[in-house]
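Breakdown of the fold
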Amino acid sequence: MRSTNKLNRQDPSDFRVKFVIVGCIIFFVFSLLGGRVWYLQIFKGTELRERSENNRIRVQEIKPLRGLILDSRGKTLVDNDASFDIAVISEGAESLDGVLTSLTDLYSERELAPSFPSSGFSPARGRFLPVTLERDVDWNKLALVETNSALLPGIVIDVVPVRNYTMGPAMAHALGYVGEISSSELRLPAYRDYRQGAVIGKSGIERTMDRYLRGKSGGAQVEVNVSGQVLNVLTKVDAVPGYNVITTLDQEFQQECWNALDKPAGSVIVMNPSNGSILAMVSKPSFDPNLFNRGITLQDWERFSNDSRAPFKNRVLSAQYPPASLFKLIMAAAALDQGYVTADDTVVCRGSLQVGDRTFRCWKREGHGALNLYQAIVQSCDVYFYALGLQMGIDTISEYASLFGFGQLTGIEIAGEKGGLVPSRQWKQQRFGEPWHRGETVSVSIGQGFLNATPLQLVSAFAALANGGTLYQPRIFERIESPQGDILETFTPRVHGRLPLSPGHIDKLNKALWGAVNEPRGTGRALLRKEKDVCGKTGTAQVISLPDDDDDRKDKDEIAYRFRDHALFACSAPCHDPRITVLVVVEHGGHGGSAAAPVARKIVDWYMENRVEPGFDEAIA
């Protein structure tokens, strides 16, 4: 009888095929796994190890402190403050938009307004570099983000040093400001060592001395968790702070000059005539450079950009005005040196001079009568210099104007300087294709017409007269020091040129400048001090040409502001041993004697009282 055991009914050979198939599948799967392991361990091992390490260990930049900018008396003009920025590292953030949404929700709970883009944020500085979302956050936001850091993967607090301009708008144009380097600047050879996100000087001293001020970044190797939070600092290389720049500027004096120029627009430049050092540099209107430290707002930028008075313009260096009657000193110098006139030669002023079919009037309609050179400068007679200009000719005038530094850069080490314009026969032929006319010589003879100069050129020329004939390159830097006080570089005075005048001729010109302030008929009587120690000259530069018989030209209140004359005044003090040369320009201020001279008076009075040692006058009398 056969067995009925069902287990014995199947032939064992029937399983062989299935075992082979299953075995092949298992072998194939393990082969794939083994291959993948080999690929990851051997072929991609180095890369994966680096990626794994980067997820755990990161390198953080330690930004250096920019060097200080100091005045000549050791007072701080620019230092550094700490700013706390909220930044995101894209590698640690699961979703950038999600992180921003989380931040926005946190802020809304505390009624704090976010100032970052709400969507579409796309950093372009790499996965591990922080990209700033908000600058200079207050303590409320800082505490909120720190408390909720676990809910904000990728968000970090970045401590950034920012500049503090202690004088605000009062010295903005001289010091300049800083900002993040642009993509176009990165392509320039001067910035080949910089990288995206670097802060650089954008104007003024900050720009000129950026290579000294910038310092050198350090770094820290830190261990982070999956959320990007720092767990441990592994290694650290400290940042190297920038060098300190000591200037020739005087902080207290600068503030006094700023206060003295109580006008809507204009400039003040004060130079030490003995070496060309700039003691004060004021340009109005101005701006607060601190606005740029933490990113200027769109509203502020539009306000400045749309201001027709151009607050970013450094008028001391780049505004170009007709020098007006200040140019009469250059005319007198040329005439004396060339022998066209002696100190005793006289010209009769009847209030006008006829040249061809045109009448050129003197500012004094009834005329000055007979004057010699001294009297013509003291009373600023136009007719005297009309006649002198026709006698010398434009090319001689042009030559001496160039010798006084007009029509060329002074060489000051701040960007943005303009060179002005000194016209000549050749210049007009090349510029307009027309010959020069005698009437144009008449206009140039009193500092009008095509002639233009910057305040810096004018103060340099008058400083050269004050010091006996040396034209110095304007100097605004004294030295460079390390943070420890070691001197790395010293900037010494540089001679830019010498006036081709004899000491006797220079003495005659300075006596005339003294008379312009201290004589009863002098146009600069606003500077008359009891010590009678100021030499100066007024100037009134026409903005537009008005009819000669239009008496309203003398009443600035009857003329639209933009068409009013510019007021100029140049002076040196004390006359016998000049310590300062001052140049004041009041745009659309009217007459130099009534608008610019009172500003110069405040400046001179303060300086003589606060910066000249007691007994100075008696010691050199």
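The structure presented is a predicted model; accordingly, all values stated were derived computationally and were not measured. (Residues numbered from 1 in each chain as written. Predicted model: local features only at pLDDT ≥ 70, side-chain atom pairs only at ≥ 80, totals over all residues. Heavy atoms only, no water.)

**Looking at the overall build of the chain**
Test applied: We count a stretch as a helix when DSSP gives it H or I for four or more residues in a row; a strand needs E for two or more, and each element gets its number in order from the N terminus. Exposure is judged per residue with a 1.4 Å probe applied to protein chains only, and the accessible area is read against the type maximum: over 50% gives exposed, under 20% gives buried, and values in between give partly exposed. Residue contacts are defined here by distance: any two heavy atoms, one from each residue, within 4.5 Å place the two residues in contact. Residue-level accessible areas treat just the shown protein chains as cover; the underlying method is Shrake-Rupley with a 1.4 Å probe.
Summing up its helical and strand segments, the chain has 21 helices and 23 strands in all. Here the chain holds 621 residues, and the buried ones make up 47% of them. Long-range pairs, those at least 24 residues apart, make up 71% of the contacts in the chain with a sequence separation of at least 6. Total accessible area on the chain is roughly 30500 Å²; 50% of this is exposed by carbon and sulfur atoms.

**A look at the state of the cysteines**
Here, the word disulfide means a covalent bond between the sulfur atoms of two cysteines. To be explicit about the condition: For the purposes of this analysis, a disulfide is any pair of cysteine sulfur atoms at a distance within 2.5 Å.
According to the stated counting rule, one finds one disulfide in the structure shown. Disulfide pairing is shown between Cys535 and Cys575; the S-S distance is 2.1 Å. Of this pair, Cys535 sits in strand E21 (residues 535-541) while Cys575 sits in the loop between strand E22 (566-573) and strand E23 (580-586), and the two are 40 residues apart along the sequence. Judged by its relative accessible area of 7%, Cys535 falls in the buried class. What makes Cys575 partly exposed here is its relative accessible area of 22%. Of all cysteine sulfurs in the structure, the one in Cys381 sits closest to Cys349, which takes part in no disulfide; the separation is 3.6 Å. With relative accessibility at 3%, the residue Cys349 sits in the buried group. With no disulfide partner, Cys362 has as its closest neighbouring cysteine sulfur the one in Cys349, 4.0 Å distant.

**Quick notes on the packing of aromatic side chains**
Here a ring pair, both rings aromatic, is described through the centre-centre distance and the interplanar angle of the planes. Going by this rule: Any two rings among Phe, Tyr and Trp, with Trp reduced to its six-membered ring, count as a pair given centres within 6.5 Å; such a pair is stacked if its planes are under 30 degrees apart, edge-to-face if over 60, and tilted if neither. Only Lys NZ and Arg CZ are tested; either one counts as a charge over a ring when it is within 6 Å of the ring centre and within 35 degrees of the ring normal.
What the rule picks out here adds up to 19 aromatic pairs. Here the aromatic rings of Phe287 and Phe304 are separated by 6.4 Å at their centres, their planes lie at 70°, and the arrangement is edge-to-face. Pair noted here: Phe287 is in the loop between strand E12 (277-284) and helix H10 (298-305) and Phe304 is in helix H10, with a separation of 17 residues, a long-range link. Given the relative accessible area of 7%, Phe304 is considered buried. Taking 5.0 Å as the distance between ring centres and 65° as the angle between the ring planes, the aromatic pair formed by Trp427 and Phe450 counts as edge-to-face. With Trp427 in helix H16 (residues 425-432) and Phe450 in the loop between helix H17 (438-445) and helix H18 (455-467), this pair connects stretches of sequence that are 23 residues apart. Overall, the relative accessible area of 19% leaves Trp427 in the buried class. The exposure class assigned to Phe450 is partly exposed, which follows from its relative accessible area of 25%. Taking NZ or CZ as reference, Arg214 lies 3.6 Å from the ring centre of Tyr194, over its face. Sitting over the face of the ring of Trp258, Lys284 holds its NZ or CZ atom 4.3 Å from the ring centroid.

**Thoughts on the pattern of salt bridges**
As a reminder of what qualifies: We count a salt bridge whenever a side-chain nitrogen from Lys or Arg sits within 4 Å of a carboxyl oxygen from Asp or Glu.
Across all of its chains, the model carries 23 salt bridges by this definition. Notably, a salt bridge pairs Asp262 with Lys602, separated by 3.7 Å at the nearest N-O pair. Placement of Asp262 in the loop between helix H9 (251-260) and strand E11 (266-272) and of Lys602 in helix H20 (residues 592-610) is noted, with a sequence separation of 340 residues between them. Look at Lys602 and you get partly exposed, because its relative accessible area is 44%.

**Focus on empty space enclosed by the protein**
Inclusion rule: Buriedness for pockets is judged along seven lines, at least five of which must meet protein on both sides within 12 Å for an open set on the 1 Å grid over protein atoms alone, while cavities are sets there where a 1.4 Å probe fits but cannot get out, and lining residues have an atom within 4 Å of a point. Grid points are joined across faces, edges and corners, and a volume is the space filled by probe spheres set on the points. Under the convention adopted here, Pro, Cys and the residues Ala, Val, Leu, Ile, Met, Phe, Trp and Tyr are nonpolar, Asp, Glu, Lys and Arg are charged, and Gly plus all remaining residues are polar.
With the rule as written, the count across this model stands at two cavities of 30 Å³ or more. Empty space within the largest cavity amounts to approximately 40 Å³. Forming the walls of the largest cavity are Phe404, Gly405, Thr410, Gln457, Ser460, Leu471, Tyr472, Pro474 and His496. Considered as a void within the structure, the second largest cavity measures approximately 30 Å³ in volume. Around the second largest cavity, the lining residues are Pro169, Ala170, Met171, Ala172, His173, Ala174, Trp258, Met281, Val282, Ser283 and Ser286. Looking at the lining of the second largest cavity, the elements that each hand over two or more residues are helix H5 (172-175) and E12. Taken together, the residues that form the lining of the second largest cavity break down as eight nonpolar, three polar and no charged.

**Quick word on a nonpolar patch on the surface**
Applied cut-off: Here, patches come from residues exposed beyond 30% relative accessible area and free of salt bridges, joined within 9 Å for like charges and within 5 Å for nonpolar side chains (Val, Leu, Ile, Met, Phe, Trp, Tyr).
A cluster of nonpolar side chains, contributed by Ile21, Val22, Ile25, Ile26, Phe28, Val29, Phe30, Leu32 and Leu33, occupies part of the molecular surface with about 890 Å² of accessible area. Within the fold, Leu32 resides in helix H1 (residues 16-43).

**As for the nonpolar core**
For the record, the criterion: For the purposes of this section, nonpolar cores are sets of buried Ala, Val, Leu, Ile, Met, Phe, Trp, Tyr and Cys residues that join through side-chain atoms within 4.5 Å.
Counting residues in hydrophobic clusters, the biggest one holds 128 residues, and the most contacted among them are Ile205, Val270, Phe385, Val584 and Ile603. By residue number, the principal contributor to this core is H20, which donates ten residues. Among residues more than four places away in sequence, those in contact with Phe385 are Lys328, Met331, Ala332, Leu373, Ala376, Ile377, Ser445 and Ile446. Membership of the second largest hydrophobic core comes to 16 residues, among which are Val99, Val131, Val137 and Leu152.

Keep in mind these values describe shape, not function.
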